Amino acid sequence: MASTDMADKDVLVDIFTRADLIMQSDIKFRQMIGAGQLQIVYYPVRGQEVVTSAMMAAVNQDDYLVTIYRGLHDQLAKGIPSKELWAEFAGKVTGTCKGKGGPMHITHPATGVMVTTGIVGSGIPIANGLGLASQLEKDGKVTVCCFGDGATNIGAFHEGLNMAQIWKLPVIFLCQNNLYGEHTHMRDTTGSASIKQRGEGLGLRSVQVNGNDASAMYAAAKEAVEYARAGNGPTLIEAMTFRFHGHLLGDTSHYIPKEEMEQAKKDDPMPILRQQLLDLQISEADIAAIEAKNAAIIDEASKFALDSDYPSGDEYRIDVLDVEIAA
Amino acid sequence: MSDTAEKPKDIMFAQALNMAMNKAMADDPKVILLGEDIADKEGGGVFKVTAGLSGTYGTDRVRSTPISEQAIVGAAVGAALVGYKPVAEIMLMNFITLAMDQIVNHAAKLRFMSGGQTSVPLTIRTTTGAGTGLGGQHSDMLEAWLAHVPGLKVVAASNPQDAYGLLYSSIMDDNPVIFIENTPGYFVKGPAPAADHTVPLGKASIPREGTDITLIGYGSAISRCHAAADKLAEDGISCEIVDLRTIAPFDEETVLKSVAKTKAAVVVHEAVRSFGTGAEISSRIHEELFSELRAPVGRVGSGYAPVPFSPAIEKAWMFSQDDIEREVHKILG
């Protein structure tokens with residue numbers, strides 16, 4: 001893995017601000033679901049905050065994002081307003097998609113979030129289409145396509161990366177490798193030694209990075225974005241990370257050896273990044289202010305989600321086609 | 001007016017498709033084509049349907065692709081989400097199975113699941129059709145699968161003029177459209193369309209008026225319906241033909257109006273009869289006109305088997321003009 005110098009202070013603060021919002025949001029979602037205030041299937045993101053925050057800090061709001069059902073961290077890092085995101089998770093009419101998508105299908109074009117898919121690997125071919133549009137438009141945008149290690153076993157990964165490479169599409173394939181596809185360790189599902197190796201086999205510029213290291217991840221992201229914007233084509237970033245709360249909420253992670261989980265929690269990227277800020281002479285008070293601001297955003301967003309109305313049942317006839325379907 | 005003005009010359013179905021794409025690309029720079037071998041360097045498509053278009057519009061807009069059906073459709077979905085009007089060619093309809101996730105889970109649903117924030121104005125052209133010994137994996141008619149998916153439109157033309165008008169409308173439509181072509185039918189000739197000829201989606205046509213029974217079909221069924229109607233006319237039976245043109249959503253109004261007049265109907269398609277589109281159309285007619293019908297609506301389709309290779313078995317399996325005539329006689333007694 002590439003070792004890198006520490007990112008600029010402002011960049012690290014930016015990454016921390018996004019990552020803390022994600023961490024606190026994840027905690028709040030799990031609390032509210034546990035308390036019965038929300039009845040949803042939830043895919044926890046705790047542990048993967050820094051990977052995506054560093055990635056999104058390296059792109060612009062109008063760059064595109066395609067992500068997956070475990071996507072809360074990506075969506076928040078890309079900048080979807082918390083109120084609309086929380087309301088969509090709760091199935092409310094005030095949500096990003098009027099409650100018609102739900103947590104697994106978030107779309108928010110205003111922040112570039114074009115697709116969230118519930119089908120493993122399926123976002124990859126679609127990301128190519130967004131990249132193709134940018135290439136034809138010459139609009140300078142890049143597309144970030146997030147998926148997990150498990151997605152690299154599906155055909156869409158291989159078809160999609162190959163096409164991106166032959167057409168030199170401005171797409172960054174961000175594999176957030178948390179080592180487990182649902183309940184199965186990567187070593188039992190993946191013939192190659194790394195995901196990076198798969199990218200190389202398909203001809204792509206491919207890098208492996210400690211995704212939990214904000215500076216290293218940011219450097220890898222920035223390089224991939226510059227490479228794509230310059231018209232050189234796609235990059236596969238294999239960002240090593242871990243998830244602390246199972247495939248979905250309620251999963252006890254029984255298949256993860258205790259020692260592995262303990263070590264991962266010792267390496268929790270959040271306290272490490274926080275300490276890095278302190279080491280850079282950012283005061284405890286300044287950090288606490290960021291955390292308090294995020295807490296207030298989440299407080300407001302979660303209340304908004306609970307207080308908002310559900311959509312009308314008739315909504316099912318709208319947006320199926322471009323004309324309303326008769327009752 | 002010149003007395004030397006000629007009748008519109010006849011063109012092949014495949015040429016009509018080429019002309020429609022040519023017009024769409026000229027009219028709208030957002031129209032792009034993706035598919036295996038579609039650029040001229042690779043032959044302009046294995047059936048030459050896209051011949052010449054890459055020369056006119058460049059290989060940025062007319063892209064030959066790897067043999068990667070889900071990557072083709074996925075790329076088309078993504079480009080459609082941000083304002084392009086991609087036409088993806090899936091060479092043969094059986095290959096659509098490889099792209100079903102992109103079609104069913106994404107193209108069809110993204111408008112709905114995004115609460116209308118995005119749309120997928122994508123056209124998938126695909127050809128198929130039995131009768132020429134292509135066997136079990138190159139000839140299936142799978143329209144019923146697709147018609148069952150909310151959010152997709154499904155179109156099949158029966159003649160060059162309609163093919164031109166329907167393909168142009170499909171490309172310009174703001175919904176994902178599956179445009180089904182018929183491989184043996186590519187070489188069938190018919191009058192050339194005027195350049196500005198269009199056919200709206202969702203509107204059936206009545207190419208033959210009649211009084212005794214309505215034959216309802218689309219695509220490859222229509223020529224056989226005409227042949228059957230000619231033969232039945234010799235027995236004094238007057239058939240009306242409804243060419244659906246758009247299979248989903250189908251023009252229920254035209255179908256019901258015709259059957260209300262004739263009081264009898266047969267739905268005809270090349271696809272396997274069981275669980276085919278004929279079941280849905282027949283059922284809708286029964287729901288609305290049950291008490292007026294002289295007999296239950298008949299259905300003609302192909303047998304419950306994969307498309308066979310040997311001509312002897314393929315012929316026995318495949319729906320035919322004879323089947324239509326037999327069904328009409330059965331219904332009219």
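Residues numbered from 1 in each chain as written. Chains lettered and ligands numbered in written order. Predicted model: local features only at pLDDT ≥ 70, side-chain atom pairs only at ≥ 80, totals over all residues.

## A few points about the interface of chain A and chain B
The interface of chain A with chain B comprises 33 residues on the first partner and 33 residues on the second. Looking at the side of chain A that touches chain B, the elements with two or more residues in it are strand E2 (113-117), helix H5 (123-137) and helix H6 (155-166) of chain A. In terms of residues, the side of chain A that touches chain B owes the most to one element, H5(A), which gives 9 residues. Counted by class, the side of chain A that touches chain B contains 18 nonpolar, 10 polar and 5 charged residues. (Contact = placed C-beta atoms within 7 Å. Helix = DSSP H or I, 4+ residues; strand = E, 2+ residues; numbered from the N terminus. Nonpolar A, V, L, I, M, F, W, Y, C, P; charged D, E, K, R; others polar.)

## Considerations on the sheet that holds strand E5 (residues 123-128) of chain B
Residues and elements named next belong to chain B. On the basis of which strands lie adjacent, the open sheet formed by 7 strands has the order E3-E2-E4-E5-E7-E6-E12 and mixed pairing. Here the strands that pair on one side only, and so sit at the sheet edges, are strand E3 (62-64) and strand E12 (246-248). Ignoring which end each strand starts from, the neighbouring axes of this sheet average 20° apart. Pairing geometry for strand E6 (residues 153-156) and E12, over 2 bridges, is antiparallel. Within the sheet, the bridge partner assigned to Val-154 lies in E12 and is Ala-248. (Pairing = 2+ DSSP bridges. Axes fitted to C-alpha atoms, helices over the stretch in contact; angles between N-to-C directions.)

## Some details on the domain arrangement of chain B
Residue and element names in this part refer to chain B. When cut into domains, chain B gives domain 1 (12-191) and domain 2 (205-332). The C-alpha centroid of domain 2 is placed 26 Å from the C-alpha centroid of domain 1. The interface of domain 1 with domain 2 comprises 24 residues on the first partner and 22 residues on the second. Here the side of domain 1 that touches domain 2 gets 4 residues from one element, more than from any other, and that element is E6. (Domains from an automatic or database assignment.)

## Points about the sheet that holds strand E8 (residues 235-240) of chain A
Whether parallel or antiparallel, the strands of a sheet pair through hydrogen bonds between backbone atoms. All names here are of chain A. Taking strand neighbours across the sheet as the criterion, the 6 strands line up as E2-E1-E3-E4-E8-E7 in an open arrangement whose pairing is parallel. In the strand order of this sheet, the two ends are held by E2 and strand E7 (205-210), each with one partner. With direction set aside, neighbouring strand axes in the sheet form an average angle of 15°. Sheet topology note: the E7/E8 ladder contains 6 bridges and is parallel. Across the sheet, Ser-206 pairs through a bridge with Leu-236, a residue of E8. Relative to the sheet, helix H8 (residues 214-229) contacts strand E4 (171-177), E7 and E8, its axis offset from that of E8 by approximately 170°.

## Brief notes about the packing of helix H9 (residues 252-262) of chain B against helix H10 (residues 277-289) of chain B
Residue and element names in this part refer to chain B. Packing of H9 against H10 leaves a shortest axis separation of 10 Å and a crossing angle of 60°. Judged by the inter-axis angle, H9 sits oblique to H10. Classified by chirality, the crossing of H10 by H9 is right-handed. Taking contact as the criterion, the partners of Glu-252, Val-255, Leu-256, Val-259 and Ala-260 in H9 are, on H10, Ile-281, Arg-284, Ile-285, Glu-288 and Leu-289. Split by residue class, the contact of H9 with H10 holds 7 nonpolar, no polar and 3 charged. (Parallel < 35°, antiparallel > 145°, perpendicular 65-115°, else oblique. Left-handed = near helix turned anticlockwise from the far one by under 90°.)

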